[in-house]
Amino acid sequence: MADPFNIAVDFVLRWEGGLSEDPHDPGGITKWGLSQRAYPNLDIRNLTRDEAIRQYRNDYWNACKCAELPSP
C-alpha cells in the first residue's frame, strides 16, 4: 500500500515547484509552495525538494495528525 503522505505531497509538488519572485505576491519569494513570509528563517531561494518535503511533513501532515484520519 502506498504511503498516504507521499501521495499527498507528490500531488502538491506536481503544482508547486520552481522559484517564484513575483513582486505582487504578498508571500514574497516562494519555492515548492513555501513562502519566505511563512518561513522567514528558511533560505527559500536555495530550498531543496527534500527540505520542502520535510517541512510539509512536520508543519502540515504531522501537525494536523493526518496519519490518524480515516481512509477515504
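Structure: see above.
Throughout what follows, the structure given in this document is the object of discussion. (Residues numbered from 1 in each chain as written. Predicted model: local features only at pLDDT ≥ 70, side-chain atom pairs only at ≥ 80, totals over all residues. Heavy atoms only, no water.)

One pass over the full model with this rule turns up 3 aromatic pairs. When the centroid spacing of 6.4 Å and the interplanar angle of 70° are considered together, the rings of phenylalanine 11 and tryptophan 15 count as edge-to-face. Linking phenylalanine 11 with tryptophan 15, this pair stays in helix H1 (residues 4-15), spanning 4 residues, or about one helical turn. Take phenylalanine 11: its relative accessible area is 46%, and that puts it in the partly exposed class. (Phe/Tyr/Trp six-rings, centres within 6.5 Å; stacked < 30°, edge-to-face > 60°. Helix = DSSP H or I, 4+ residues; strand = E, 2+ residues; numbered from the N terminus. Buried < 20%, exposed > 50% of the residue type's maximum accessible area, 1.4 Å probe, protein only.)

Taken N-terminus to C-terminus, the directions of H1 and helix H2 (residues 49-62) make an angle of 120°; their axes are 11 Å apart at the nearest point. The angle between the axes of H1 and H2 places the two elements in the oblique class. Of the two possible hands of crossing, H1 and H2 adopt the one that is right-handed. For the pair H1 and H2, the contacting residues are Pro4, Phe5, Asn6, Ala8, Val9, Asp10, Val12 and Leu13 in the first and Arg49, Ile53, Tyr56, Arg57 and Trp61 in the second. Class assignment of the residues belonging to the contact of H1 with H2 gives a composition of 9 nonpolar, 1 polar and 3 charged. (Axes fitted to C-alpha atoms, helices over the stretch in contact; angles between N-to-C directions. Parallel < 35°, antiparallel > 145°, perpendicular 65-115°, else oblique. Left-handed = near helix turned anticlockwise from the far one by under 90°. Contact = heavy atoms within 4.5 Å. Nonpolar A, V, L, I, M, F, W, Y, C, P; charged D, E, K, R; others polar.)

Residues Phe11, Val12 and Trp15 make up a contiguous nonpolar surface patch of about 350 Å² in total accessible area. Within the secondary structure, valine 12 sits in helix H1. (Patch = residues over 30% accessible without salt bridge, like charges linked within 9 Å, V, L, I, M, F, W, Y side chains within 5 Å. Areas by Shrake-Rupley, 256 points an atom, 1.4 Å probe, with all protein chains shown as cover. Salt bridge = Lys/Arg side-chain N within 4 Å of Asp/Glu carboxyl O.)

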